[in-house]
Amino acid sequence: KLLIAARSGELVELAMDSGRTVVLDEAHARTKTLATEAHGLDAHPTNPDLYATSGDDGTVRGWSGSTRRCLLRCPPELVACAAVRCCAWAPDGSRLAVGLGGDPADRNRDGTLVLMRVDTTDALPEVLSEVRKSKAPLVDLKWSTDGTVVVAASEDSRVYVHDGKDGSLRTMCSKAGASLTAVDVSSDKSNLKAASAHD
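Residues numbered from 1 in each chain as written. Predicted model: local features only at pLDDT ≥ 70, side-chain atom pairs only at ≥ 80, totals over all residues. Heavy atoms only, no water.

**With respect to the overall build of the protein chain**
Reasoning step 1: Across its full length, the protein chain holds one helix and 17 strands.
Reasoning step 2: For a compact globule of 199 residues, the expected C-alpha radius of gyration is about 16 Å, and the protein chain comes in at 18 Å, within 12% of that figure.
Reasoning step 3: Viewed in the frame of its principal axes, the protein chain has a C-alpha envelope of about 60 × 35 × 30 Å.
Reasoning step 4: Of the contacts made within the protein chain by residues no fewer than 6 positions apart, 40% connect residues no fewer than 24 positions apart.
Reasoning step 5: Accessible surface, the protein chain as shown: approximately 10200 Å² in total, 51% of it carbon and sulfur.
Reasoning step 6: Across the protein chain, the centroid of the 24 positively charged side chains sits 3 Å from that of the 28 negatively charged ones. (Helix = DSSP H or I, 4+ residues; strand = E, 2+ residues; numbered from the N terminus. Rg over C-alpha atoms; globule rule 2.2 N^0.38 Å. Contact = heavy atoms within 4.5 Å. Areas by Shrake-Rupley, 256 points an atom, 1.4 Å probe, with all protein chains shown as cover. Lys, Arg positive; Asp, Glu negative; His and termini not counted. Charge placed at Lys NZ, Arg CZ, Asp CG, Glu CD.)

What follows is the structure in structure tokens.
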């Protein structure tokens with residue numbers, strides 16, 4: 001057997017006699033540059049073993065905590081973006097919202113909100129909608145407890161409130177005066193709370 005460590009973060013075992021490969025480990029990494037980071041992390045609301053991550057490699061991945069294996073992947077081609085900064089599960093766990101942006105070489109997708117249908121028995125999520133209202137990277141996402149609203153915090157210092165079904169923009173808040181780092185929505189959807197880089 002031959003163990004192969006790839007620059008893209010995969011650790012692969014190759015059986016020399018059969019030519020069969022097994023991916024032993026993988027990570028968020030980009031093959032063209034070494035300076036990449038994982039940014040998004042969200043635990044599945046109904047399956048305590050599942051969590052999602054997103055990163056500068058443009059991928060979104062679903063992981064099993066108990067087996068330490070990647071169960072589903074959303075490749076960069078699916079969201080057509082070089083960097084995915086945040087991710088958040090819908091309350092029922094059937095959809096995942098992801099926020100795009102942050103790569104200086106690829107500003108065309110900055111501020112795009114993507115809603116995906118996720119079936120953990122299928123390794124590839126399905127894109128339901130894409131909406132770009134902010135022109136700056138989205139840095140945090142939260143769903144309302146009933147799943148009807150997705151709230152997005154942007155580096156442009158605004159909070160964008162989107163419909164949870166089709167992603168359409170419902171409203172946006174006036175500028176906070178500094179780049180936002182986090183956002184939350186109250187259980188009755190009547191209040192938003194945002195943190196900025198200067199809080």
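**Here we look at the pairing of strand S7 (residues 69–74)**
Reasoning step 1: Bridge count for strand S6 (residues 60–64) against S7 is five bridges, and the pairing is antiparallel. Paired with Val-60 across the two strands is Cys-74, which belongs to S7. (Pairing = 2+ DSSP bridges.)

**A short note on the nonpolar core**
Considering soluble globular proteins, one finds that nonpolar side chains tend to be buried as a cluster.
Reasoning step 1: Of all hydrophobic cores here, the largest spans 16 residues; its most connected members are Val-60, Val-79, Leu-96, Val-98, Leu-100 and Met-116.
Reasoning step 2: By size, the runner-up hydrophobic cluster in this structure holds 12 residues, among which are Leu-113, Leu-115, Leu-138 and Leu-141. (Core = buried A, V, L, I, M, F, W, Y, C linked by side-chain atoms within 4.5 Å. Buried < 20%, exposed > 50% of the residue type's maximum accessible area, 1.4 Å probe, protein only.)

**Some words on unusual backbone geometry**
Reasoning step 1: We note that Ala-80 has phi near 50°; this positive angle belongs to a residue other than glycine.
Reasoning step 2: Looking at the element boundaries, Ala-80 is found in the loop between helix H1 (76–79) and strand S8 (84–89).
Reasoning step 3: Looking at Ala-80, the relative accessible area reads 46%, which means it is partly exposed.
Reasoning step 4: A positive phi is found at Lys-189, a non-glycine position, where the angle reads about 65°.
Reasoning step 5: Relative to the elements of secondary structure, Lys-189 occurs in the loop between strand S16 (180–185) and strand S17 (192–196).
Reasoning step 6: Overall, Lys-189 belongs to the partly exposed group, its relative accessible area being 36%.

**Points about the sheet that holds strand S9 (residues 95–100)**
Reasoning step 1: The four strands lie next to each other as S8-S9-S10-S11, forming an open sheet whose pairing is antiparallel. At either end of the open sheet lies a strand with only one pairing partner, and these are S8 and strand S11 (126–132). For this sheet, the mean inter-axis angle between neighbouring strands, taken without regard to orientation, is 20°. (Axes fitted to C-alpha atoms, helices over the stretch in contact; angles between N-to-C directions.)

**Things to note about the environment of Lys-165**
Reasoning step 1: Turning to its location among the elements, Lys-165 is positioned in the loop between strand S14 (159–163) and strand S15 (169–172).
Reasoning step 2: Judged by relative accessible area, which is 73%, Lys-165 ranks as exposed.
Reasoning step 3: For the pair Lys-165 and Leu-141, spaced 24 residues apart in sequence, the C-alpha to C-alpha distance is 15 Å.
Reasoning step 4: When neighbours within four sequence positions are excluded, Lys-165 is seen to be in contact with Arg-95 and Leu-115.

**Quick notes on the sheet that holds strand S12 (residues 138–143)**
Reasoning step 1: One open sheet holds the four strands; their spatial order is S12-S13-S14-S15, and the pairing between them is antiparallel. Two strands close off the open sheet at either side, each with one partner strand: S12 and S15. For this sheet, the mean angle separating the axes of adjacent strands, direction not counted, is 20°.
Reasoning step 2: Pairing geometry for strand S13 (residues 149–154) and S14, over five bridges, is antiparallel. Looking across to S14, one finds that Val-151 is bridged to Val-161.

**Regarding the environment of Ser-134**
Reasoning step 1: Tracing the backbone shows Ser-134 in the loop between S11 and S12.
Reasoning step 2: On the accessibility criterion, Ser-134 (1% relative accessible area) is buried.
Reasoning step 3: Each C-alpha atom of the pair Ser-134 and Arg-158 lies 8.3 Å from the other, and the pair is 24 residues apart in sequence.
Reasoning step 4: Here Ser-134 is in contact with Asp-110, Gly-111, Ser-154, Asp-156 and Tyr-160, once residues within four sequence places are set aside.

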